[in-house]
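Working through the structure, step by step
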Amino acid sequence: MTGQEVERRALLTPVLLLLLAERQGHGYELVQRLGAFGCGDADQAHVYRLLRGMESSGEVTSHWRASESGPARRVYAITQQGAMNLALWFVRLGELHGTLHLFLERYVQLEDVGGRAGRDGGSPRDGGSPRAGARPPDHARPPDHTHPPDHMRRMRK
């Protein structure tokens with residue numbers, strides 16, 4: 001498993017709580033809804049294990065719902081305990097967001113990545129370091145934060 005997969009897997013619990021706070025759903029539907037968070041390739045078996053664990057810990061409840069087409073499905077809903085844990089995740093992830101934002105801003109401002117720019121004249125493609133003022137690729141650049149997202153504005157109030 002890659003580092004990125006581990007990071008995304010670690011975020012499945014708060015994302016599932018958020019999805020269930022928005023509306024209840026059955027496991028397969030929740031797996032599909034994870035796609036909006038970049039977790040569309042989440043292992044279904046892992047998601048179901050998480051949901052069972054969340055139910056054991058009192059964060060979610062489930063019940064069987066008959067389906068008009070196909071077998072009955074287990075539908076999950078968030079509990080009061082789950083809502084409180086979701087609020088704690090909101091605070092933790094907000095703090096992490098601040099740290100990540102600072103990291104990305106400072107990385108973009110680096111003039112000498114790796115301590116070799118300007119000395120070896122190389123580019124990252126040929127084993128050298130980026131030149132002073134080099135910009136990271138679009139996918140590595142932080143988003144424009146001149147207008148913070150709604151959740152950050154709510155945190156500041």
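Just so it is clear, the structure is predicted and the values come from calculations on it, not from any experiment. (Residues numbered from 1 in each chain as written. Predicted model: local features only at pLDDT ≥ 70, side-chain atom pairs only at ≥ 80, totals over all residues. Heavy atoms only, no water.)

To continue, consider the environment of Thr-61. Residue placement: Thr-61 occurs in strand β2 (residues 60-65). Residues Thr-61 and Gly-82, 21 residues apart in the sequence, show an inter-C-alpha distance of 9.5 Å. (Helix = DSSP H or I, 4+ residues; strand = E, 2+ residues; numbered from the N terminus.)

For the rest of this paragraph, the subject is helix α4 (residues 44-56). Taking 1.5 Å per residue as the helical rise, α4 with its 13 residues ought to reach 18 Å, and the 18 Å between its terminal C-alpha atoms agrees with that figure. Here α4 has its buried residues at His-46, Val-47, Leu-50, Leu-51 and Met-54. Projected down its long axis, α4 shows its buried positions confined to an angular sector of 140 degrees, all on one face. On the buried face of α4, the contacting elements are α1 (3-10), α2 (12-22), α3 (27-33), β2 and β3 (73-78). Gly-58 lies just past α4 and shows a positive phi near 90 degrees. (Expected span 1.5 Å × (residues − 1). Buried < 20%, exposed > 50% of the residue type's maximum accessible area, 1.4 Å probe, protein only. Arc of directions from axis to C-beta. Contact = heavy atoms within 4.5 Å.)

This part takes up the confidence of the model for the protein. Across the protein, the average pLDDT comes to 81, with 72% of residues at or above 70. Within the model, pLDDT remains below 50 along residues 128-132, and this stretch shows 20 contacts once partners closer than five positions in the same chain are excluded. Scored below 50 in pLDDT, residues 151-157 makes eight contacts in the model with residues more than four places away or belonging to other chains. (pLDDT = per-residue confidence, 0-100.)

The next thing to look at is a nonpolar patch on the surface. A grouping of Leu-11, Leu-93, Leu-96 and Leu-100 is seen on the molecular surface, where their side chains present a nonpolar patch of about 310 Å² in accessible area. In this structure, Leu-96 sits in helix α5 (residues 80-109). On the basis of relative accessibility, which here comes to 41%, the residue Leu-96 falls in the partly exposed class. (Patch = residues over 30% accessible without salt bridge, like charges linked within 9 Å, V, L, I, M, F, W, Y side chains within 5 Å. Areas by Shrake-Rupley, 256 points an atom, 1.4 Å probe, with all protein chains shown as cover. Salt bridge = Lys/Arg side-chain N within 4 Å of Asp/Glu carboxyl O.)

Counting residues in each nonpolar core, the largest one holds 18 residues, and the members touching the most others are Leu-16, Leu-30, Leu-34, Val-47 and Leu-51. Of all elements in the fold, only α2, α3 and α4 reach the threshold of two or more residues within this core. Here the element with the most residues in this core is α2; it accounts for six residues. For Val-47, the contacting residues outside a window of four places in its chain are Leu-16, Val-31, Leu-34 and Ala-42. (Core = buried A, V, L, I, M, F, W, Y, C linked by side-chain atoms within 4.5 Å.)

The subject of this paragraph is the sheet that holds strand β1 (residues 25-26). In space, the three strands of this open sheet follow the order β1-β3-β2, with antiparallel pairing throughout. Strands at the two margins of the open sheet, each flanked by one partner only, are β1 and β2. In terms of strand pairing, β2 meets β3 through six bridges, oriented antiparallel. Across the sheet, residue Trp-64 finds its bridge partner in β3, namely Arg-74. (Pairing = 2+ DSSP bridges.)

On to the pattern of salt bridges, then. Considering all chains together, one arrives at four salt bridges under this definition. With its nearest N and O atoms 3.9 Å apart, the salt bridge here joins Arg-49 to Asp-43. Within the structure, one salt-bridge network assembled from shared partners comprises Glu-22, Arg-23, Glu-29 and Arg-33.

Another point: the pairing of β3. Two strands pair when backbone bridges link them, and β1 and β3 are joined in this way by two bridges, in the antiparallel orientation. From the neighbouring strand, His-26 faces β3, where its bridge partner is Val-75.

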